[in-house]
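Chain residues, written in single-letter form:
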Amino acid sequence: INSNEAIEEAQWTISAIKGYKISYPVVYDCEGFKNNDSRMYTLTAEQRTQNALSFLNTVKKSGYEGMLYGSVSDLTDNSAFNISAIEEMYKIWVAQYKNPPYPQSQKPDYNGKYDMWQYTDRGRVMGINALVDRNIAYKDFEDIIVSGGYNNYTNDNHIYNYKVGDHVNFDK
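Here is what the cut-offs are and how they apply
- Residues numbered from 1 in each chain as written.
- Predicted model: local features only at pLDDT ≥ 70, side-chain atom pairs only at ≥ 80, totals over all residues.
- Heavy atoms only, no water.
- Buried < 20%, exposed > 50% of the residue type's maximum accessible area, 1.4 Å probe, protein only.
- Helix = DSSP H or I, 4+ residues; strand = E, 2+ residues; numbered from the N terminus.
- Right-handed = clockwise from strand over helix to strand, strands pointing away.
- Pairing = 2+ DSSP bridges.
- Patch = residues over 30% accessible without salt bridge, like charges linked within 9 Å, V, L, I, M, F, W, Y side chains within 5 Å.
- Areas by Shrake-Rupley, 256 points an atom, 1.4 Å probe, with all protein chains shown as cover.
- Salt bridge = Lys/Arg side-chain N within 4 Å of Asp/Glu carboxyl O.
- Lys, Arg positive; Asp, Glu negative; His and termini not counted.
- Charge placed at Lys NZ, Arg CZ, Asp CG, Glu CD.
- Contact = heavy atoms within 4.5 Å.

### Let's talk about the pairing of strand β2 (residues 66–71)
Consecutive side chains of a regular strand alternate in pointing toward one face of the sheet and then the other.
No. 1: Here β2 lies mainly inside the structure; five of its six residues are buried.
No. 2: You can see the chain leave strand β1 (residues 26–29), run along helix α2 (residues 45–61) and come back into β2, and the turn it takes is right-handed.
No. 3: Pairing of β2 with strand β3 (residues 91–95), which is carried by five bridges, proceeds in the parallel orientation. Across the sheet, residue Tyr-69 finds its bridge partner in β3, namely Trp-93.

Okay, structure coming up:
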């Protein structure tokens, strides 16, 4: 895999989500690259970084907010990515399943910049009869994306948080 293929993947993703208003970032996730049967197994950290940046830059040029997903070990010490180059421009979603779990553990053991934490893959949600990933977002992605005009929203889309007693006038 190379930067050109990462761009093709981003273009495919963009064509799949075109027309949908998505309130969270479009994520680059290349889990499994440490498995020796992965096509990315022999890539260097710099090659993986260039692939991630190619994907994320293509997403951004198409008007979407981008984010990199990775485990604490993948994002630490620039061993798998040059993470400092990515976190300068894009949001980071870090995965770590701690013991004790959230909420006893309040944050991942990651010292870099991060905007979201996946704290378990064994969560439960009413109405879903399977285990699910659970996450904490440290930013109001919907507000950032809608007010910024990303992800098929225009700058005239606004989020209003009304409370009981507010007086609201609507003009045509």
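Next comes the rest of the write-up.
### So, a negative patch on the surface
No. 1: On the surface, Asp-29, Glu-31, Asp-121 and Asp-133 cluster together to form a negatively charged patch.
No. 2: Turning to its location among the elements, Glu-31 is positioned in the loop between β1 and α2.

### Focus on the side chain of Gln-96
No. 1: Structurally, Gln-96 can be placed in the loop between β3 and β4 (116–123).
No. 2: Gln-96 has contacts with Val-72, Pro-108, Asp-109, Trp-117, Gln-118 and Tyr-119, leaving out every residue within four places of it along the chain.

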